[in-house]
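Below, each chain spelled out in residue letters.
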Amino acid sequence: MLILGIESSCDETAAAVVADGKVIKSSVVYSQIAFHRPYGGVVPEIASRKHIEVIIQIIDQALKEAGLSLKEIDGVAVTQGPGLVGALLVGICVAKAISFALKRPLVAVNHLHAHLMAIFLEREVSFPFIGMVVSGGHTNLYLARDFFTIESLGQTLDDAAGEAFDKVAKMLNLPYPGGVSIEKLAQEGNPRAVSFPRPMQNSKDFNFSFSGLKTAVANFLRQLDTDQISRADIAASFQEAVVDTLIGKCLQATREFGLPRLVIAGGVAANKRLREKLLNQAAQEGIEVYFPSLHLCTDNAAMVAALGYHYLKANKLASYEFDAISRYPLCTFHPRPS
Ligand code: KG4
Ligand code: ZN
């Protein structure tokens, strides 16, 4: 079964063709980063306009790379939310039009759900598992019992981890997106140079908070004598604090639920220090950690098409009336009865 996936929730216009929820026939991602960089973050109006300009080309390219015509597609999957409403609507309108014109089934996918299950494009993971989605807008911990039964264990109470990376990068005059810039600069720095807080490490719940850490960096920079410490040391120390905080919570969840499997997803999961340190610490506790390849951590449409296959198989179809949902928590996600 060949599914065309469409993703336009933020600043990437993406289309992909995936066979049977497993084999990526093509995956095209058009990044708008260059257009948003001058503003230090994503400008919603620019995002929507760019999606409109390129989405048809991106879908054509995905079909071409897969060696397929539109008629050979068996179903269309699109991100319904969470994300920027104007941006989401572009993908949704195109997906509805293709589905209607070709009389192919349509499915509407939760973006967080797609991130969480992206790993299945590369590896099999036995259910149940603990999953963490860490991106620009979310830092969420889940217990996934099967593809459609997902419990929310905790989330950030303020900023997302990626958002903290982006904001601290701005303070350090590093270009957007901050995660990548901080990771690069941190390679030259000492992660123990500054002892930034590890927020909520002693709380028994599974929530996160990154706004205090961000403020701690701002205060540190304000008081700083610039010759004393390098920006690389600050970047490395901040990154280490985020990484330790994320690792602490997800290992705490694996212990509490007695589940030795951990799936890490979303843009921040591309962070090399997080990958390396978590793999190391988890191994000491006999926990297996699953990280998707870097191109499947950041936004892409292959994860949408792959999850779309499972929706279709379970007959969870969307009607043409569905709308974009800007805030769309996975915990309240209840698949429609078939
Ligand atoms: O999942 P994603 O591509 O888009 C959203 O759904 O938000 O995540 C984007 C976020 C941005 O905040 C970006 O700074 C962060 O992921 N990010 C990283 C890295 N690559 C992307 N953060 C830390 N290290 C990275 N290597
Ligand atoms: Zn995302």
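Here, every reference points to the structure presented above.
For clarity, every value in this text was computed on a predicted model and none was experimentally measured. (Residues numbered from 1 in each chain as written. Chains lettered and ligands numbered in written order. Predicted model: local features only at pLDDT ≥ 70, side-chain atom pairs only at ≥ 80, totals over all residues. Heavy atoms only, no water.)

So, about the coordination of the zinc ion (ligand 2). Six octahedral donors around a metal ideally subtend angles of 90 or 180 degrees, whereas four tetrahedral donors ideally subtend 109.5 degrees. The zinc ion (ligand 2) binds to the protein through His111 (NE2), His115 (NE2) and Asp299 (OD); the donor distances cover 2.0 to 2.1 Å. Read from N- to C-terminus, the donor residues coordinating the zinc ion (ligand 2) fall into the pattern H-x3-H-x183-D. Here the residue histidine 115 occupies a position in helix α4 (residues 111–117), and aspartate 299 occupies one in the loop between α10 (294–297) and α11 (302–313), the gap between them amounting to 184 residues. Classification of histidine 115 as buried rests on a relative accessible area of 0%. (Donors = N, O, S within 2.8 Å, 3.2 Å for Na, K, Ca; no water. Helix = DSSP H or I, 4+ residues; strand = E, 2+ residues; numbered from the N terminus. Buried < 20%, exposed > 50% of the residue type's maximum accessible area, 1.4 Å probe, protein only.)

Turning to the sheet that holds strand β10 (residues 288–290), a few remarks are in order. Hydrogen bonds along the backbone pair up the strands of a sheet, which may run parallel or antiparallel. Pairing is mixed in the open sheet, where 5 strands are placed in the order β8-β7-β6-β9-β10. Of all strands in the sheet, those bounded by a partner on one side alone are β8 (149–155) and β10. Strand-to-strand twist of the sheet, defined as the mean angle between neighbouring strand axes without regard to direction, takes the value 25 degrees. Inspection of the sheet shows strand β7 (residues 139–146) paired to β8 by 6 bridges, in the antiparallel sense. (Pairing = 2+ DSSP bridges. Axes fitted to C-alpha atoms, helices over the stretch in contact; angles between N-to-C directions.)

With that settled, consider the packing of helix α5 (residues 161–171) against helix α8 (residues 231–257). One can describe the packing of α5 onto α8 by two numbers: an axis separation of 11 Å at closest approach and a directional angle of 175 degrees. The angle between α5 and α8 falls in the class roughly antiparallel. For the pair α5 and α8, the contacting residues are Ala161, Ala164, Phe165 and Val168 in the first and Phe238, Gln239, Val242 and Leu246 in the second. Residues that form the contact of α5 with α8 fall into these classes: 7 nonpolar, 1 polar and no charged. (Parallel < 35°, antiparallel > 145°, perpendicular 65-115°, else oblique. Contact = heavy atoms within 4.5 Å. Nonpolar A, V, L, I, M, F, W, Y, C, P; charged D, E, K, R; others polar.)

Within this model, the largest pocket holds a volume of roughly 1600 Å³. Taken together, 49 residues line the largest pocket, and the ones lying closest to its centre are Cys10, Ser135, Gly136, Gly137 and Asp166. Secondary-structure elements contributing two or more residues to the lining of the largest pocket are β3 (23–31), α4, α5 and α6 (178–186). With 6 residues, the top contributor of residues to the lining of the largest pocket is α5. Partitioning the lining of the largest pocket into residue classes produces 17 nonpolar, 20 polar and 12 charged. (1 Å grid on protein atoms, 1.4 Å probe; cavity = no way out; pocket = protein on both sides within 12 Å on 5 of 7 lines; lining within 4 Å. Points joined across faces, edges and corners; volume = space filled by probe spheres on them.)

To continue, consider the packing of aromatic side chains. In the structure shown here, the tally under the stated rule is 11 aromatic pairs. Centroid distance phenylalanine 120 to phenylalanine 127: 5.5 Å. Interplanar angle 15 degrees. Geometry classified as stacked. Judged by its relative accessible area of 25%, phenylalanine 127 is partly exposed. A ring pair is formed by phenylalanine 165 and phenylalanine 238, whose centres lie 5.3 Å apart and whose planes are at 80 degrees; its orientation type is edge-to-face. Separated by 73 residues along the polypeptide, phenylalanine 165 in helix α5 and phenylalanine 238 in helix α8 bring together distant segments of the chain. Note on phenylalanine 165: relative accessible area 2%, which makes it buried. (Phe/Tyr/Trp six-rings, centres within 6.5 Å; stacked < 30°, edge-to-face > 60°.)

A separate point is the site of ligand 1. Near ligand 1 there are 20 residues, and of these Gly136, Asp166, Gly179, Gly267 and Asn271 occur at the shortest range. Glutamate 183 places a side-chain nitrogen or oxygen 3.3 Å from a nitrogen atom of ligand 1. Between ligand 1 and asparagine 271 there is a distance of 3.0 Å, counted from a nitrogen atom to a side-chain nitrogen or oxygen. Coverage of ligand 1 by the protein amounts to 90% of the 550 Å² it exposes when considered alone. Comparing atom positions with the cavity grids shows ligand 1 to sit within the largest pocket. For the shell around ligand 1, the element with the highest residue contribution is α6, accounting for 4 residues. Counted by class, the shell around ligand 1 contains 5 nonpolar, 12 polar and 3 charged residues. If you count residues domain by domain, the shell around ligand 1 takes at least three from each of domain 1 (2–116 + 298–313) and domain 2 (124–291). (Near = heavy atom within 4 Å. Polar contact = N/O pair within 3.5 Å; in protein donor to acceptor, adjacent residues only side chain to side chain. Areas by Shrake-Rupley, 256 points an atom, 1.4 Å probe, with all protein chains shown as cover. Sits in = over half its atoms within 2 Å of the grid points. Domains from an automatic or database assignment.)

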